[in-house]
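The residues making up each chain are set out below.
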Amino acid sequence: VQLQASGGGLVHPGGSLRLSCAASGSIFNVMGWYYQAPGKQRELVASITSGGVTNYADSVKGRFTISRDNAKNTVYLQMNSLNAEDTAVYYCNGRYLYRGSWLGYWGQGTQVTVSS
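Scoring rules and cut-offs
Residues numbered from 1 in each chain as written. Predicted model: local features only at pLDDT ≥ 70, side-chain atom pairs only at ≥ 80, totals over all residues. Heavy atoms only, no water. Buried < 20%, exposed > 50% of the residue type's maximum accessible area, 1.4 Å probe, protein only. Helix = DSSP H or I, 4+ residues; strand = E, 2+ residues; numbered from the N terminus. Pairing = 2+ DSSP bridges. 1 Å grid on protein atoms, 1.4 Å probe; cavity = no way out; pocket = protein on both sides within 12 Å on 5 of 7 lines; lining within 4 Å. Points joined across faces, edges and corners; volume = space filled by probe spheres on them. Nonpolar A, V, L, I, M, F, W, Y, C, P; charged D, E, K, R; others polar. Salt bridge = Lys/Arg side-chain N within 4 Å of Asp/Glu carboxyl O. Phe/Tyr/Trp six-rings, centres within 6.5 Å; stacked < 30°, edge-to-face > 60°.

1. Some thoughts on the pairing of strand E4 (residues 30–36)
With respect to burial, E4 is a largely interior element, six of its seven residues being buried. Two strands pair when backbone bridges link them, and E4 and strand E5 (residues 43–49) are joined in this way by six bridges, in the antiparallel orientation. Bridged to Trp33 within E5 is Ala46. Between E4 and E5, which pair antiparallel and follow one another directly, the connecting turn spans six residues, one of which, Gly39, has a positive phi of 80°. As defined by bridge partners, E4 adjoins strand E9 (residues 88–98) across seven bridges and the pair is classed as antiparallel.

Listed below in structure tokens is the structure:
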């Protein structure tokens, strides 16, 4: 099972970025994005089920949009109106139910830096 994240980079405040995460080896019930700023815990940014039900952290509601292409087994995170507080390493996550228990996998992180 692999999750390959891409799309991070340096952007000015108010700018936009789109992250992608391509999964292989498994179909995930839920896919999501987490971020981790230096010295802080990893936190959920957004998640989406295979049926398209989404969940967002309050801090990104109205600015970020998560979507997925089930045919491509890929999840996206469109990030708009970025600010300095969004600077972090972003990790893709996928999980699925197996015999009543959730199994989760992480992709490698991709750095997002918002700076003027």
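Text resumes after the structure shown.
2. Some remarks on the layout of surface pockets
Empty space within the largest pocket amounts to approximately 220 Å³. Tyr35, Ala37, Lys40, Glu43 and Glu85 are, among the 13 residues lining the largest pocket, the residues nearest its centre. Taken together, the residues of the lining of the largest pocket break down into four nonpolar, four polar and five charged.

3. Considerations on the pattern of salt bridges
All told, the structure shown has two salt bridges when counted by the stated rule. One salt bridge connects Lys61 with Asp58, and the closest N-O pair in it is separated by 3.1 Å. Asp58 shares its class with Lys61; the two are exposed. The shortest N-O distance in the salt bridge between Asp86 and Arg63 comes to 2.8 Å.

4. Considering the packing of aromatic side chains
A full pass over the atoms with the stated rule returns six aromatic pairs. Measuring from centroid to centroid gives 6.4 Å for Tyr91 and Trp106, while their planes differ by 85°, and the two rings are edge-to-face. With Tyr91 in strand E9 and Trp106 in strand E10 (residues 101–106), the pair connects residues that are 15 residues apart, well separated along the chain. According to the relative accessible area criterion, Tyr91 is buried, its value standing at 18%. Overall, the relative accessible area of 42% leaves Trp106 in the partly exposed class.

5. A few points about unusual backbone geometry
Of note in the backbone geometry, Ser81 takes a positive phi value of approximately 50° without being a glycine. Looking at where Ser81 falls in the secondary structure, it is placed in the loop between strand E8 (74–79) and E9. A residue is classified by how much of its surface remains accessible, and Ser81, at 43% relative accessible area, is partly exposed. Of note, Arg99 is a non-glycine position whose phi angle comes to about 50°, a positive value. Among the structural elements, Arg99 can be located in the loop between E9 and E10.

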